[in-house]
Amino acid sequence: MPEPRNHPDEAVEPAGGTGASMGLGQDEARTLERAPASGGAPSPSGPGPERPRSLWSDAWRDLRRNPVFVIAALIIVFLVVISLWPQLIAPGNPLSCNLDNSQKGSSPGHPFGFDTQGCDVYTRVVHGARASVTVGICATVGAALLGALLGGLAGYHGGWADAVLSRVSDIFFGIPIVLGGLVFLSVVASTTVWPVVGFIVLLGWPQIGRIARGSVITAKQNDYVQAARALGAGNSRVLLRHIAPNAVAPVIVVATIALGTYISLEATLSYLGVGLKPPTVSWGIDISQASTQIRNAPHMLLWPAGALSVTVLAFIMLGDAVRDALDPRLR
């Protein structure tokens, strides 16, 4: 009789029995290869598990969906662009004046009219954004860096450093900022923005320093900081790698909101005659010069004051949006 033929997929068992287990293993391998990705084990090349999002990624996602942030960011980007390149929309010279045009209203090519000296108000408003934005950004960066450094070190080490910072902060908090500016800047003859920036940093860092101190004290009590110390991490590594990234969010929020405040402070000091001085073009200087002519030529005051108000409002709106995005309690 003819011997039965084996099916091609069937394995022939040798005498020892080892071939049967090898054949079974091959069948299972072929079955796993033919199995669909949804019914079997996940393919190595397929998508893995979704990675958990961090606080910053969640905050950026919320900010992009917040219309307040989008509007404020667009205004701020526009202000930064015209601060860097005012000639893009105002090619004239803000210091070029003609007394024949003194206090004239709007005319073709001069939509905002002229001031008392016959200068084009539109050109001065556009070019005045550079001084205000420069003072606001530089003062905010300086105050944030100094306050975060001193407050972070005091909060981390505690002891006498924390006590000294607290007492020094109390002294600076007791100085009226406008009165301090009148005293400090009245003896400065420079016409650049740097004396004003230095004064704002000098009186602005204690607020950010206290925020940084409290945030660091809260962060250093967390379990991951204790675990890092138990694993032998030094003070610098713990502070820079574990505490600072988790304590910087409140500092960013306060600094963003303070930026608008610093811009208005510069305008106030320039209005009082101790901030920026001519020939520097500033909204505060223009408001000061136009305040006496508000009845005869209100356009001289309304346009620079409106530009200042929109700028301060944009930065405050940006700070509020950043605060809402970075505050875990609002999620």
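Rules of the game
Residues numbered from 1 in each chain as written. Predicted model: local features only at pLDDT ≥ 70, side-chain atom pairs only at ≥ 80, totals over all residues. Heavy atoms only, no water. Disulfide = S-S within 2.5 Å. Helix = DSSP H or I, 4+ residues; strand = E, 2+ residues; numbered from the N terminus. Buried < 20%, exposed > 50% of the residue type's maximum accessible area, 1.4 Å probe, protein only. Contact = heavy atoms within 4.5 Å. Phe/Tyr/Trp six-rings, centres within 6.5 Å; stacked < 30°, edge-to-face > 60°. Patch = residues over 30% accessible without salt bridge, like charges linked within 9 Å, V, L, I, M, F, W, Y side chains within 5 Å. Areas by Shrake-Rupley, 256 points an atom, 1.4 Å probe, with all protein chains shown as cover. Salt bridge = Lys/Arg side-chain N within 4 Å of Asp/Glu carboxyl O.

Undergrad: Can you help me understand the state of the cysteines in this one?
TA: What makes a disulfide is a covalent bond joining the sulfur atoms belonging to two cysteines. Applying the stated criterion across every chain yields a total of one disulfide. Across the disulfide, Cys97 is cross-linked to Cys119 (sulfur-sulfur distance 1.6 Å). Disulfide Cys97 to Cys119: torsion about the S-S bond roughly 75 degrees, handedness right-handed. Here Cys119 lies in the loop between helix 3 (67-84) and helix 4 (121-157) and Cys97 lies in the loop between helix 3 and helix 4, a separation of 22 residues in the sequence. Overall, Cys97 belongs to the partly exposed group, its relative accessible area being 37%.

Undergrad: Please clarify how the side chain of Asp162 should be interpreted in this entry.
TA: Here Asp162 is to be found in helix 5 (residues 159-173). If we ignore the near neighbours within four places in the chain, the residues touching Asp162 are Ala154 and Arg213.

Undergrad: Could you clarify how one ought to interpret the packing of aromatic side chains in this entry?
TA: Applying the stated criterion across every chain, the model contains five aromatic pairs. Plain terms: the ring middles of Phe184 and Phe199 are 5.7 Å apart, the flat faces sit at 20 degrees to each other, and that makes the pair stacked. With a gap of 15 residues between them, Phe184 in helix 6 (residues 177-185) and Phe199 in helix 7 (residues 194-219) connect regions that are remote in the sequence. Here Phe184 falls in the partly exposed class, since its relative accessible area comes to 38%. An aromatic cluster is built from Phe112, Tyr122 and Trp303, whose rings are joined through pairwise contacts.

Undergrad: How should a nonpolar patch on the surface be read in this particular structure?
TA: A cluster of nonpolar side chains, namely Val77, Phe78, Val81, Leu84, Trp85, Leu88 and Ile89, defines an oily patch on the protein surface of about 670 Å² accessible area. Counting through the fold element by element, Leu84 comes out in helix 3. Relative accessible area serves as the criterion here: at 48%, Leu84 is assigned to the partly exposed category.

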